[in-house]
Amino acid sequence: MNKIWSNSGDSHFIEPDDLWSKHLSKELAELTPRAVKDPGGLTETVYVDGQSFQRRLPNPTQREFGEASSRAPGFNDFTQRIPDQDDEGIWCELVFPSLGMWAASFKTRELVKQTARITNDFSVDEIIRLSPRLLPTAQVSTLDVDDAIEEMQRCAGLGFTSVFLPVVPHPMQEDWQHMYWEPLWSAMEEANMVVAFHVGTEPVDMANGQVIGVWFRGNGGAVLNYNETTFTGQRAVAKMVASGALDRHPNLKVMLSEGGSTWVPFLADRLEEGYRQHYMSVRPKLSRSPREILYSQVYTSFQHDQSAIIAAQHMGYTNILWGSDYPHLEGTYGHTQETLHGLFDGVDEALSQRIRFGAFEELFPSAPKLPANLAGSLGQ
Ligand code: MN
């Protein structure tokens, strides 16, 4: 079987357990997330910045359908990361935090600010310096726009090319469609930083009983919760379009990782219809159609979806990136080559290249290209 190489628009790093606690004052360190296993061992209680909730512990040994991932050797050992990617056939990766996904749940301004800074410095030392193939997302406050801009600009100077944002900002703050965030979009456009949303990153909102990733319990819960993450990602994108944020900033690009891609043409239909049929009530008016904005400024990634390539082939939406979700359990580690062959064998080569490399390189022009000898010698 020839090796197929691809960039990944959806990967993660796993922070050391003590990354935040060892750099924070004792008072702030006590507010960072920690999980304590409950009696019986089936659930754990998670404590985060004065809030707590209980959740079921996953059982990674229970697998069906043969498509599940095994734990990658480099999941928390950076020296093993590039060897893992070479084995799997993954060239460049957009790398999101793991622990950092909790930061939108912190309600203490200084905690949000300092944890972002600590994580970003760690990313420079351990990821950016390790290999130019790894493109970590910067982390910023979603509680305070001035803090967010300050850290984003610092990170732009450190070599970051994107900023990770959760699909919903902090529950104490305005949502993404609000003009409160306008200065951040301006500053990010100016700094050439990509807005990198990742699904499943809703903050803990104790006031409304919302725990990260848990909307349903009981029958069907696991699949329903996984399914739901695509919708909150779609909402984040819809807010960026309908509010005019992307229209006002035509050079600002949005990446939405792990939420699939096929929904973009459908969302374009809905936004077009809403914009046209409710035109009298529409504020603000846009200078371009919602579809044009979506198709030109919004990029998305999928891992296994059978329909994503068909959307590119037949619906004209080609800002699609394949993503491995390494090293998370939803990802393709251990079956990346089977997945890539299953998706791309027989697909028009130009379209295959677009999804595996082209869209990624358009978003991140500074990312290194796959060396011709690798691409050539492997029959691609
Ligand atoms: Mn992911």
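Residues numbered from 1 in each chain as written. Predicted model: local features only at pLDDT ≥ 70, side-chain atom pairs only at ≥ 80, totals over all residues. Heavy atoms only, no water.

S.K.: Sorry if this is basic, but what is going on with the overall build of the protein chain here?
M.R.: In terms of helices and strands, the protein chain carries 13 helices and 12 strands. C-alpha extents for the protein chain along the principal axes are approximately 55 × 55 × 50 Å. Sequence-distant contacts in the protein chain: of pairs separated by 6 or more residues, those separated by 24 or more amount to 75%. Of the accessible surface of the protein chain, which amounts to about 16700 Å², a share of 52% is contributed by carbon and sulfur atoms. If the 31 positive side-chain charges of the protein chain are averaged to one point and the 49 negative ones to another, these points end up 3 Å apart. (Helix = DSSP H or I, 4+ residues; strand = E, 2+ residues; numbered from the N terminus. Contact = heavy atoms within 4.5 Å. Areas by Shrake-Rupley, 256 points an atom, 1.4 Å probe, with all protein chains shown as cover. Lys, Arg positive; Asp, Glu negative; His and termini not counted. Charge placed at Lys NZ, Arg CZ, Asp CG, Glu CD.)

S.K.: Help me understand the sheet that holds strand 2 (residues 34-37) in this model?
M.R.: Within a sheet, adjacent strands bond to each other through the backbone by hydrogen bonds, running parallel or antiparallel. Across the sheet, 3 strands lie side by side as 2-3-4; this open sheet has antiparallel pairing. If you trace the sheet from one side to the other, it starts and ends with strand 2 and strand 4 (51-56), each paired once. Each neighbouring strand pair of the sheet contributes to a mean axis angle of 25°, computed without reference to strand direction. Bridge count for strand 3 (residues 43-48) against strand 4 is 6 bridges, and the pairing is antiparallel. If you follow Tyr47 over to strand 4, its bridge partner there is Ser52. (Pairing = 2+ DSSP bridges. Axes fitted to C-alpha atoms, helices over the stretch in contact; angles between N-to-C directions.)

S.K.: Would you mind going over the packing of helix 3 (residues 109-128) against helix 4 (residues 145-158) with me for this structure?
M.R.: Two packed helices can be described by the angle between their axes and the distance between those axes. The geometry of helix 3 relative to helix 4 is characterised by a closest axis approach of 11 Å and an angle of 10° between their N-to-C directions. Between helix 3 and helix 4, the angle falls in the class roughly parallel. The residues of helix 4 that touch helix 3, namely those facing Arg109, Lys113, Ala116, Arg117, Asn120, Asp121, Val124 and Ile128, are Asp147, Glu150, Glu151, Arg154, Cys155 and Leu158. In terms of residue class, the contact of helix 3 with helix 4 is made up of 5 nonpolar, 1 polar and 8 charged. (Parallel < 35°, antiparallel > 145°, perpendicular 65-115°, else oblique. Nonpolar A, V, L, I, M, F, W, Y, C, P; charged D, E, K, R; others polar.)

S.K.: Help me understand helix 8 (residues 263-277), please; the structure alone is not making it clear to me.
M.R.: Because each turn of an α-helix spans 3.6 residues, side chains separated by three or four positions in sequence point in the same direction. Counted at 1.5 Å a residue, the expected span for helix 8 with its 15 residues is 21 Å, and the 21 Å between its end C-alpha atoms agrees. All of the buried residues along helix 8 are Trp263, Val264, Pro265, Leu267, Ala268, Leu271, Glu272 and Tyr275. Looking at the buried residues of helix 8, the elements they touch are helix 6 (221-242), strand 10 (254-257), helix 9 (290-297), strand 11 (298-302) and helix 10 (308-315). (Expected span 1.5 Å × (residues − 1). Buried < 20%, exposed > 50% of the residue type's maximum accessible area, 1.4 Å probe, protein only.)

S.K.: Could you clarify how one ought to interpret the coordination of the manganese ion in this entry?
M.R.: Reference values for angles at a metal are 109.5 degrees in the four-donor tetrahedral case and 90 or 180 degrees in the six-donor octahedral case. Those protein atoms acting as donors to the manganese ion are Asp10 (OD), His12 (NE2), His198 (NE2), Glu258 (OE) and Asp325 (OD), and they sit at 2.1 to 2.2 Å. Binding-site remark: the manganese ion is held by donors from one chain whose sequence spacing is D-x1-H-x185-H-x59-E-x66-D. Linking His12 in strand 1 (residues 6-12) with Glu258 in the loop between strand 10 and helix 8, this pair joins segments that are 246 residues apart in sequence. The same class applies to His12 and to Glu258, which are both buried. (Donors = N, O, S within 2.8 Å, 3.2 Å for Na, K, Ca; no water.)

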